[in-house]
Amino acid sequence: GKLTYLALALATVWSSASHAMLSQNMSIDLRSLSLGNAVTADPPGINAIHFNPAGLTKIQGLQLDVQLMMADFSISADLSAPANYRVFGYSDDPLVCDDSPNDNQPLCSQFKTAHTDVEGVALYLPVLDKMIKMPPGPIAAPTAGIAYKPPGSKFTYADAIYAPMIAGYYRDDKDPGVYMGKKVALERITYLSPSVAYQLTDDLSVGLSVGMSYQAVGLNTDFRAPNELVGVFRLFDEDICGPFRENVNIVTDLILFGICNADESLGPFKKMANLDVALQQTLSPTYNLGILWEPNDRFAWGAVYQSGNKMRMKGKYKITYENGARSIINQGLQSSVTGQIL
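Residues numbered from 1 in each chain as written. Predicted model: local features only at pLDDT ≥ 70, side-chain atom pairs only at ≥ 80, totals over all residues. Heavy atoms only, no water.

1. Comments concerning the overall build of the chain
Turning to step 1, where the next piece is worked out: Counting secondary structure elements, the chain contains six helices and 15 strands.
Turning to step 2, where the next piece is worked out: For 342 residues, the compact-globule formula gives about 20 Å, and the C-alpha radius of gyration of the chain, at 28 Å, lies well above that figure.
Turning to step 3, where the next piece is worked out: Along the first, second and third principal axes, the C-alpha atoms of the chain reach 95 × 45 × 40 Å.
Turning to step 4, where the next piece is worked out: Considering the chain as a whole, with its 342 residues, one finds that 40% of them fall into the buried category.
Turning to step 5, where the next piece is worked out: A total of about 19,000 Å² of accessible surface is found on the chain, and carbon and sulfur atoms cover 59% of it. (Helix = DSSP H or I, 4+ residues; strand = E, 2+ residues; numbered from the N terminus. Rg over C-alpha atoms; globule rule 2.2 N^0.38 Å. Buried < 20%, exposed > 50% of the residue type's maximum accessible area, 1.4 Å probe, protein only. Areas by Shrake-Rupley, 256 points an atom, 1.4 Å probe, with all protein chains shown as cover.)

Below is the structure:
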């Protein structure tokens, strides 16, 4: 074999800690994606706006770039109980316990491994201000850009619409993974990215792009509280309140905090509530600074600085409590002076 081209890239991040994210830079440019986005020293045409705007000087005349990507999310996990799994003496977790749900035994005698899968892609729509479920299977993600270098000029001007970050999925309501997100959507869409590149010499270029982006986060998830305190509520309901339910009085209310008056109690393995969150920021600006040095056809060196941005997203959230949580508070604790103090 013969080495015909050498590209050296330097991506600079000034931060106390850097973290990789699967959803970043996945829907910008097909060629870059096929190379693991290692294109800082070999920028991909108009989409150099994101990877290294200095590469825009390679463009001649007027160019238009339209791409269509197909994306799908296949996320699965196995859920199993660790050794000696117990919460306040209970281990009959229906997600991982293979015993009959009606055996009334607090300890599980046979555990199983539960499996969770996502069903399809979820997207957050800013106009409707909510997440939507797409039909199962891949979805289309279009991008578009335009660039122009006047004849004889050392300047190149460009603009593009792309998505630096986009990911989302949804699960079936009965899937055991609903406590890790029933619907999730993360989006950052750059809808305006005015860019300019300047060719300093025949082999050295610099570039600047300013990205104006829309950011959104959507989450709908069930949650429960498998901790010791919630286990205490179950203990009261099943083992202590039984003899007093038909003979409750002010004395038992004071001693038992009124918990025995609740129609339904909490448990460490019961669904406690549902959380629905939708946050967005319509204008989130960033900028990219790039430099590209190509002394010959077989060697290139590039560097880019991509600025960060502190988001201040606004939106709404809704917590829908299950009957057990409402009953413990309203019918239970609120019915006793000691319960109210507690």
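Structure shown, so let's carry the discussion forward.
2. Re helix 5 (residues 323–332)
Each α-helix turn comprises 3.6 residues. Residues three or four places apart therefore point the same way.
Turning to step 1, where the next piece is worked out: Taken together, the buried positions of helix 5 are occupied by Gly324, Ala325, Ser327, Ile328 and Gly332.
Turning to step 2, where the next piece is worked out: Buried positions along helix 5 lie against helix 3 (228–240) and strand 15 (314–321). (Contact = heavy atoms within 4.5 Å.)

3. Considering the pairing of strand 7 (residues 130–133)
Regular strands have side chains that alternate between both faces of the sheet.
Turning to step 1, where the next piece is worked out: Pairing of strand 6 (residues 122–125) with strand 7 involves four bridges; the strand directions are antiparallel. When the bridges of strand 7 are listed, Tyr124 appears paired with Met131.
Turning to step 2, where the next piece is worked out: Linking strand 6 back to strand 7 in an antiparallel pair, the connection comprises four residues, with Asp129 at a positive phi of about 60 degrees. (Pairing = 2+ DSSP bridges.)

4. Details of a nonpolar patch on the surface
Turning to step 1, where the next piece is worked out: Together, Ile250, Val251, Leu254, Ile255, Val337 and Ile341 make up a nonpolar patch on the protein surface, roughly 630 Å² of accessible area in all.
Turning to step 2, where the next piece is worked out: Looking at the nonpolar patch, the elements with two or more residues in it are helix 4 (250–256) and helix 6 (337–341).
Turning to step 3, where the next piece is worked out: When residues in the nonpolar patch are grouped by element, the largest group, four residues, is from helix 4.
Turning to step 4, where the next piece is worked out: Looking at where Ile255 falls in the secondary structure, it is placed in helix 4. (Patch = residues over 30% accessible without salt bridge, like charges linked within 9 Å, V, L, I, M, F, W, Y side chains within 5 Å. Salt bridge = Lys/Arg side-chain N within 4 Å of Asp/Glu carboxyl O.)

5. Comments concerning the nonpolar core
Turning to step 1, where the next piece is worked out: Core analysis: the biggest nonpolar cluster contains 15 residues, and Val230, Phe233, Phe236, Ile259, Leu266, Met272 and Ile328 have the highest contact counts within it.
Turning to step 2, where the next piece is worked out: Where this core is concerned, the elements lending two or more residues are helix 3 and helix 5.
Turning to step 3, where the next piece is worked out: Element by element, the count of residues in this core is highest for helix 3, at three residues.
Turning to step 4, where the next piece is worked out: The residues touching Ile259, leaving out its near neighbours within four places in the chain, are Phe233, Phe236, Cys241, Ile328, Gly332 and Leu333. (Core = buried A, V, L, I, M, F, W, Y, C linked by side-chain atoms within 4.5 Å.)

Honestly, that's just the spatial picture; any functional story needs more than this.
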